[in-house]
Amino acid sequence: MAEEKQVQAGKLYLCATPIGNLDDITLRVLNTLKEVDLIAAEDTRHSIKLLNHFDIKTPMTSYHEYNKIDKARYLVGQMQQGVNLALVTDAGTPGISDPGEELVKQCYEAGIEVTSLPGPAACITALTLSGLSTRRFCFEAFLPVDKKERQWILEELKSETRTIIVYEAPHHLVATLKELSEALGGERRITICRELTKRYEEAYRTTFAEALEHFAVEEPKGECVIVIEGRSIRDMKEEQQKSWEEMTMEEHMDVYLSQGIDRKEAMKLVAKDRGISKRDVYQSLL
């Protein structure tokens, strides 16, 4: 009896597609979309326009937020049978603020090979266009819909020193700007990027307060990326030092002594907090 031939497992290709300008697609992505057996798309009606533009005939199947778990299991099964699969989102890089992360997770659990084909991503495009610091940044995507979770995130962002990137739809932009302004301060510098890579691309450098005035008379249009300046580390240190100075030296010492820190080490920490010498702390306590 002949031995059964083992099936070579397929592979998952995460294919970044244009966020506006179709010329931004890479040659590698184009070739991959033509060569794979199947394309999983967040919205097949949207992606068919891209495939038609580049004369790609590869069959498609839908993979979106509402079927991401069960459909991922099915797609993993297909790859285990040798199907090579490309994943595309409506725009940009799959897995960033979209259901692609679930498919990637299931692929790793099943031992399916995954590779990512780099290309457009709205968050990085907006960050580099913003004129704000790019050295350190955090990506928040869309703020949570759940009120408690949203409030927790806003509270956390109050002390965020990195540049912050937030996505928002035009019809929710003003409400989100108002919430962010109340949490972070109306004078915080921001850049609102819209229509990225398209004909009417705009990077509007402003503050929360000015943006709210602007959009009170001009209706927001196009999907938006809000890039927000991080909180100043120097300002935070000054505020912290000021809060220490409002305490008596004895109260300040008690903060550390109550944590089980010995008196000598507590005096060092108090001196550091206040920007004074350990001798000054000692003299004051005497």
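As a reminder, the structure under discussion sits directly above these lines.
Computed from a prediction, not measured in an experiment: that's the story for all the values here.

### Some details on the pattern of salt bridges
Consideration 1: Taken as a whole and judged by the stated rule, the model has 11 salt bridges.
Consideration 2: R162 serves as the salt-bridge partner of E160, at 2.8 Å between the closest nitrogen and oxygen.
Consideration 3: Overall, the relative accessible area of 14% leaves E160 in the buried class.
Consideration 4: The closest approach of N and O atoms between R194 and E202, which form a salt bridge, is 3.4 Å.

### Focus: the nonpolar core
Consideration 1: If you look at the biggest cluster of nonpolar residues, it comprises 21 residues, and the most contacted ones within it are L177, L180, I192 and I228.
Consideration 2: Those elements that place two or more of their residues in this core are α6 (147–157), β7 (163–168), α7 (173–184), β8 (189–194), α8 (208–217) and β10 (224–228).
Consideration 3: The leading source of residues in this core is α7, at 5 residues.
Consideration 4: The contacts of I228, once residues within four sequence positions are left out, are L132, R162, T163, I164, V166, L180, L184, R188, R189, I190 and F208.
Consideration 5: With 17 residues, the next largest nonpolar core counts V76, V104, C107 and V114 among its residues.

### What to know about the packing of aromatic side chains
Consideration 1: Per the stated rule, a full pass over the model turns up 3 aromatic pairs.
Consideration 2: With 5.1 Å between their ring centres and 70 degrees between their planes, F139 and Y167 make a pair best called edge-to-face. Taken together, the residues span a long stretch of sequence, with F139 in strand β6 (residues 137–141) and Y167 in strand β7 at a distance of 28 residues.
Consideration 3: Each ring, one from F142 and one from Y167, has its centre 5.7 Å from the other, and the planes form 70 degrees; the classification is edge-to-face. Of this pair, F142 sits in the loop between β6 and α6 while Y167 sits in strand β7, and the two are 25 residues apart along the sequence.

### Topic: the sheet that holds strand β5 (residues 113–117)
Consideration 1: Pairing within the open sheet is parallel, and its 5 strands lie in the order β3-β2-β4-β1-β5. A single partner strand is all that each edge strand has here, and the edge strands are β3 (60–62) and β5. Averaged over all neighbouring strand pairs, the angle between strand axes comes to 25 degrees, with direction disregarded.
Consideration 2: Across 3 bridges, the pairing between strand β2 (residues 38–41) and β3 is parallel. If you follow I39 over to β3, its bridge partner there is M60.
Consideration 3: Packed on one face of the sheet, helix α1 (residues 27–35) meets β1 (11–15), β2, β4 (85–88) and β5 and runs near 135 degrees to β5.
Consideration 4: With respect to the sheet, helix α2 (residues 44–53) is in contact with β2, β3 and β4, its orientation differing from that of β3 by roughly 155 degrees.

### Side note on the sheet that holds β10
Consideration 1: Here 5 strands make up an open sheet; going across it, the order is β6-β7-β10-β8-β9 and the pairing mixed. In the strand order of this sheet, the two ends are held by β6 and β9 (202–207), each with one partner. Within this sheet the neighbouring strands show an average axis-to-axis angle of 20 degrees, counted without direction.
Consideration 2: Here β6 runs beside β7; their pairing, made up of 4 bridges, is parallel. If you follow A141 over to β7, its bridge partner there is V166.
Consideration 3: The strands touched by α8 are β8, β9 and β10; relative to β9, the strand with the most contacts, the crossing angle is about 120 degrees.

### What to know about unusual backbone geometry
Consideration 1: Of note in the backbone geometry, S97 takes a positive phi value of approximately 55 degrees without being a glycine.
Consideration 2: At T197, a position not held by glycine, the phi torsion is positive, near 70 degrees.
Consideration 3: Summarising the element assignment, T197 is placed in the loop between β8 and β9.

### Remarks on the side chain of S47
Consideration 1: Structurally, the position occupied by S47 is in helix α2.
Consideration 2: In contact with S47, not counting residues within four places along its chain, are A41, M60, V88 and T89.

### Comments concerning the pairing of β1
Consideration 1: Here β1 lies mainly inside the structure; 5 of its 5 residues are buried.
Consideration 2: Residues K11, Y13 and C15 point to one face of β1 and L12 and L14 to the other, with burial holding for every one of them.
Consideration 3: Pairing analysis gives 5 bridges linking β1 to β5, with the strands arranged parallel. Its bridge partner lying in β5, L12 is registered against V114.

### Structural notes on the packing of α7 against α8
When two helices pack together, their arrangement is given by the angle between their axes and by how far apart the axes lie.
Consideration 1: Contact pair α7 / α8: the axes reach a minimum separation of 9 Å and the direction vectors enclose 155 degrees. Taken together, the axes of α7 and α8 lie roughly antiparallel to each other. Here α7 and α8 pass one another in a crossing that is left-handed. For the pair α7 and α8, contact is made by L173, V174, L177, K178, L180, S181 and L184 and by F208, A211, L212 and F215, respectively.
Consideration 2: For the contact of α7 with α8, the class distribution of residues is 9 nonpolar, 1 polar and 1 charged.

About the thresholds
- Residues numbered from 1 in each chain as written.
- Predicted model: local features only at pLDDT ≥ 70, side-chain atom pairs only at ≥ 80, totals over all residues.
- Heavy atoms only, no water.
- Salt bridge = Lys/Arg side-chain N within 4 Å of Asp/Glu carboxyl O.
- Buried < 20%, exposed > 50% of the residue type's maximum accessible area, 1.4 Å probe, protein only.
- Core = buried A, V, L, I, M, F, W, Y, C linked by side-chain atoms within 4.5 Å.
- Helix = DSSP H or I, 4+ residues; strand = E, 2+ residues; numbered from the N terminus.
- Contact = heavy atoms within 4.5 Å.
- Phe/Tyr/Trp six-rings, centres within 6.5 Å; stacked < 30°, edge-to-face > 60°.
- Pairing = 2+ DSSP bridges.
- Axes fitted to C-alpha atoms, helices over the stretch in contact; angles between N-to-C directions.
- Parallel < 35°, antiparallel > 145°, perpendicular 65-115°, else oblique.
- Left-handed = near helix turned anticlockwise from the far one by under 90°.
- Nonpolar A, V, L, I, M, F, W, Y, C, P; charged D, E, K, R; others polar.

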